[in-house]
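Coordinates in review
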Amino acid sequence: MLQKKEELPIKAYLGSDALFKGTLSFEGTVRIDGKFEGQVNTNDTLVIGETGDMKADVKVGTLVCKGQLNGSVVASKKIEMHSASKIKADIRTPALSIALGAVLDGHLNMTGEESKKVVNLVQEKK
């Protein structure tokens, strides 16, 4: 008998008619179906719904994208891109799942090696 994967309860929700600008920090799962501009910082899960449209720098544990995201993404656990998702961003994550139809336009770093080189170059210039 297969058990259905338990979904985490959503702690906050930004509806499709809402616009938020600023910095969002949270614990748990947050879903955005509206427009968001700014920064997101969490070790937990961010869900961008089908109508979600984000222009943001995102640092999360897990990103589930069903909408649109422009900016940069650092996901410490994983990123899931569903079929209608469009991400235009530089991404750093150890695991990425892309459904057929999803669009990813940007740089992808899954090893962390390149970022270490950049840090070394910045430190050497000082």
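Everything in this summary refers to the structure shown in the same document. (Residues numbered from 1 in each chain as written. Predicted model: local features only at pLDDT ≥ 70, side-chain atom pairs only at ≥ 80, totals over all residues. Heavy atoms only, no water.)

Some points on the pairing of strand β3 (residues 29-32)
The side chains of a regular strand alternate, residue by residue, between the two faces of the sheet. In plain terms, the rule: Any residue under 20% of the maximum accessible area for its type is buried, any over 50% is exposed, and the rest in between are partly exposed; the area is computed with a 1.4 Å probe on protein chains only. Put simply, DSSP H or I for four residues or longer makes a helix, DSSP E for two residues or longer makes a strand, and each gets a number counted from the N terminus. If DSSP finds at least two bridges between two strands, the strands pair.
A two-sided burial pattern is seen for β3, the buried positions comprising T29 and R31 on one face and V30 and I32 on the other. Relative to β3, strand β1 (residues 10-14) runs parallel, the two sharing four bridges. Residue pairing in the sheet places L14 in a bridge with I32 of β3. Here four bridges tie β3 to strand β5 (residues 45-48), and the two strands are oriented parallel to one another. Residue R31 lies in a different strand from β5, and its bridge partner there is V47.

Comments concerning the nonpolar core
Quick reminder of the rule: Note on terminology: a nonpolar core comprises buried Ala, Val, Leu, Ile, Met, Phe, Trp, Tyr and Cys residues joined through side-chain atoms within 4.5 Å. Should any heavy atoms of two residues lie within 4.5 Å, those residues are counted as being in contact.
L46, M54, V58, L63 and V73 are the most contacted members of the largest nonpolar core, which has 23 residues in total. The set of elements that each furnish at least two residues to this core consists of β3, β4 (35-41), β5, β6 (53-65), β7 (68-81) and β8 (86-92). Of the residues forming this core, the biggest block, six residues, is contributed by β6. Here V73 is in contact with V58, L63, I79, A89, D90, I91 and R92, once residues within four sequence places are set aside.

As for a nonpolar patch on the surface
Short version of the rule: What goes into a patch is any residue over 30% in relative accessible area without a salt bridge, connected to like charges within 9 Å or, for nonpolar side chains (Val, Leu, Ile, Met, Phe, Trp, Tyr), within 5 Å. The method behind every accessible area is Shrake-Rupley, applied with a 1.4 Å probe, and residues are considered shielded solely by the protein chains displayed. Just to be clear on terms, a salt bridge is a Lys or Arg side-chain nitrogen sitting within 4 Å of an Asp or Glu carboxyl oxygen.
A cluster of nonpolar side chains, contributed by I98, L104, L108 and M110, occupies part of the molecular surface with about 320 Å² of accessible area. Counting through the fold element by element, L104 comes out in strand β10 (residues 103-105). The class of L104 is partly exposed, set by a relative accessible area of 31%.

Regarding the pattern of salt bridges
The full count for this structure, using the stated rule, is three salt bridges. We note a salt bridge from R31 to E50, for which the minimum N-O separation is 3.0 Å. A residue pair is termed long-range when its members are at least 10 positions apart, and R31 in strand β3 and E50 in the loop between β5 and β6 qualify at 19 residues. Given a relative accessible area of 17%, R31 falls into the buried group. The exposure class of E50 is exposed, given its relative accessible area of 52%. Between K78 and E80 there is a salt bridge whose closest N-O contact spans 3.0 Å. Given a relative accessible area of 32%, K78 falls into the partly exposed group. Overall, E80 belongs to the buried group, its relative accessible area being 18%.

Keep in mind these numbers describe shape, not what the thing actually does.
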